[in-house]
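# Structure assessment
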Amino acid sequence: MLPLSGLTDEQLHQAADRFGTPLYVYSAAELDAALGRVQQAFSGTRIWYAMKANPNLTLLRRMRAAGVGFECVSAGELARAEHIGADAEGILINGPAKSDAEYAAGARLGATFILDRPEEVALLPAHARVLIRVNPGLPVSTHDHLATGAADSKFGVRPDELPATLSALRDAGHTLQGLHLHIGSAIRDAADFGAAFERVAALRAMTGPLEVLDVGGGWGLDADLHGIAAQAQAAAAVFGAALWVEPGRYLVARAGVLLTRVMGHKTTGRAFTLLDAGMTELLRPMLYGAEHPVRALWQGEQQQVSDLAGPACESGDLLGRDVPLPAGATRGDLLALLDAGAYGAAMSSNYLTRPRPAEALWDGQEWQVIRRRETVQEVWAAEE
Ligand code: LLP
């Protein structure tokens, strides 16, 4: 039996009955456990939550109460940080193509800026606090869409551009706080981190000592956090710098489950289990070939293999391929897609005028609806 993020089958049935499906549910206990594991492995390290993974206000408020800051990449994410009362010391603004509105919002909030290319020096607000994102230029073991530290990715300042960037920053009167790197997401081989950290540590000859080394996020759900922490701390020590990290997925993925109901079955050249959730609710399988563990909440003696297909009119609308499930599911039976707390609800869409799903949090005692289901009228409201 697969672990269900601290939630029992009975609680899942209860949530689906009360709030309908498709439904995202989260376990507060698992959220706390993940943050605890990070705090323990990275003791003394400043933790910034990459809110793109799941920007739900309730989750952000819990993070803030635990002393976590926020890495933001849009005016909207900055507005969320401001809305929940994050202060200047708790906001980073990052992104390869920041708009004027984003520079202005970052300046108003007193955020620390992550500089992504040399030309940005001229765009920064006066007296900005800055981390320079460097691109270590190494291959990364993940899906191509998720690799950001490779030489041909769009991110970061090249090491050969660093000396000129450093002097331009100084001349413009900004404060260099340190260096930043983030080599990608859902990284499979932990050795990638160590190799990238070493590349960046070698830049000490150009930068001299620094206040901060921010090594980003990107940890897989089974990552050896202690191993990554030791390598990151060694690199920070080279600069005499404090270590910062920016996990997204690791903090929220395990805590979340997408609940969906079986709508029926079909066999063509392949066998399909048809669901009421698909690419509009969980895009990751279609976009990255991501495999989310699946748990059927019905009983059946034999296992049958099928593809999990959503309701969209696209053949790629699959949540899983060749998934073994107990035979004999009937319409309405419940299925859980696990590890869906990160980049699940956050990447859901209104394609096909499908209202985005509700989200509910099990706080240990009761269910709280932390985002109600959208209505169809809300989906078209901006058109009227
Ligand atoms: N820091 C920076 C600068 C980032 O760009 C990201 C993620 C993170 C931290 C957090 O990375 P994490 O710890 O979550 O891997 N939509 C994709 C993931 C895209 C990640 C983008 N950047 C997915 O569904 O897998």
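About the cut-offs
Residues numbered from 1 in each chain as written. Predicted model: local features only at pLDDT ≥ 70, side-chain atom pairs only at ≥ 80, totals over all residues. UniProt positions renumbered as here; feature names shortened; annotations may be inferred. Helix = DSSP H or I, 4+ residues; strand = E, 2+ residues; numbered from the N terminus. Rg over C-alpha atoms; globule rule 2.2 N^0.38 Å. Buried ≥ 20, exposed ≤ 12 C-beta atoms within 10 Å, placed from the backbone. Contact = placed C-beta atoms within 7 Å. Pairing = 2+ DSSP bridges. Near = placed C-beta within 6 Å. Nonpolar A, V, L, I, M, F, W, Y, C, P; charged D, E, K, R; others polar. Domains from an automatic or database assignment. Core = buried A, V, L, I, M, F, W, Y, C linked by C-beta atoms within 7 Å. Axes fitted to C-alpha atoms, helices over the stretch in contact; angles between N-to-C directions. Parallel < 35°, antiparallel > 145°, perpendicular 65-115°, else oblique. Left-handed = near helix turned anticlockwise from the far one by under 90°. Right-handed = clockwise from strand over helix to strand, strands pointing away.

As recorded by an unreviewed UniProt entry, the protein carries the name Diaminopimelate decarboxylase and is attributed to Deinococcus ruber. Recorded under Subunit (unreviewed entry), the UniProt text for the protein is reproduced unchanged: "Homodimer." Among the UniProt annotations of the protein, the heading Sequence similarities (unreviewed entry) holds the following wording: "Belongs to the Orn/Lys/Arg decarboxylase class-II family. LysA subfamily."

### Some words on the overall build of the protein
Within the protein one finds 12 helices and 17 strands. Relative to the 2.2 N^0.38 estimate, which gives 21 Å for 384 residues, the radius of gyration of the protein is 22 Å and therefore close to what a compact globule would have. Within the span of the protein, comprising 384 residues, buried residues form 45% of the whole. When contacts within the protein are restricted to residue pairs at least 6 apart in sequence, those whose partners lie at least 24 apart make up 68%.

### A short note on the pairing of strand β15 (residues 334-337)
On β15, burial covers both faces: Leu 334 and Ala 336 on one face and Leu 335 and Leu 337 on the other are all buried. As defined by bridge partners, strand β12 (residues 294-296) adjoins β15 across three bridges and the pair is classed as antiparallel. Within β15, the residue paired with Ala 296 across the bridge is Leu 335.

### Describing the environment of Gly 178
In this structure, Gly 178 sits in strand β7 (residues 175-180). Taking the number of C-beta atoms within 10 Å as the measure of exposure, Gly 178 has 22 and is therefore buried. Sequence-wise, Gly 178 and Val 212 are 34 residues apart; in three dimensions their C-alpha atoms are separated by 4.6 Å. Ignoring any residue separated from it by four or fewer positions in sequence, one finds Gly 178 in contact with Leu 131, Leu 210, Glu 211, Val 212, Leu 213, Asp 214 and Ala 241.

### So, the site of the ligand
As a structural note, the neighbourhood of the ligand is formed by 21 residues, with Ala 50, Ser 185, Gly 217, Gly 248 and Tyr 343 the closest of them. For the shell around the ligand, the secondary structure elements donating two or more residues are α10 (249-252) and α11 (284-288). Within the shell around the ligand, the residues separate by chemical class into nine nonpolar, seven polar and five charged. Mapped onto the domain boundaries, the shell around the ligand takes at least three residues apiece from domain 1 (9-25 + 255-383) and domain 2 (42-249).

### A closer look at the nonpolar core
Counting 106 residues, the largest nonpolar core has Val 25 and Leu 259 as the members making the most contacts within it. The greatest single-element share of this core, amounting to six residues, is contributed by helix α9 (residues 225-239). Look past the residues within four positions of Leu 259 in its chain and what remains in contact with it is Leu 12, Ala 15, Ala 16, Thr 21, Pro 22, Leu 23, Val 25, Leu 334 and Ala 336.

### So, the packing of helix α4 (residues 75-83) against helix α5 (residues 100-109)
Between α4 and α5, the shortest axis-to-axis distance is 9 Å and the interhelical angle comes to 20°. Overall, the two elements α4 and α5 adopt an arrangement that is roughly parallel. Of the two elements, α4 crosses α5, and the hand of that crossing is left-handed. Where α4 abuts α5, its residues Ala 75, Leu 78 and Glu 82 lie against Ala 101, Glu 102, Ala 105, Gly 106 and Leu 109. Looking at the contact of α4 with α5 residue by residue, the class counts come to five nonpolar, one polar and two charged.

### A word on the environment of Ala 234
Looking at where Ala 234 falls in the secondary structure, it is placed in helix α9. Owing to 14 C-beta atoms within 10 Å, Ala 234 belongs among the partly exposed residues under this scheme. Between the C-alpha atom of Ala 234 and that of Phe 197, which follows or precedes it by 37 residues, the distance is 8.6 Å.

### So, the sheet that holds strand β5 (residues 112-115)
Within the closed barrel, the eight strands sit side by side as β2-β3-β4-β5-β6-β7-β8-β9. Their pairing is parallel. The mean inter-strand angle of the sheet, taken between neighbouring strand axes irrespective of direction, is 30°. In this structure, β5 lies alongside strand β6 (residues 129-133), joined through three bridges in parallel fashion. Bridged to Ile 114 within β6 is Leu 131.

### Considerations on the pairing of strand β2 (residues 46-50)
Taken together, the two bridges between β2 and strand β9 (residues 242-245) define a ladder with parallel strand orientation. What sits directly across from Ile 47, in β9, is Val 245. As paired elements, β2 and strand β3 (residues 69-72) share three bridges and run parallel to each other. Opposite Tyr 49, over in β3, you have Phe 70 as the bridge partner. Crossover connection from β2 via helix α3 (residues 57-65) to parallel β3: handedness right-handed.

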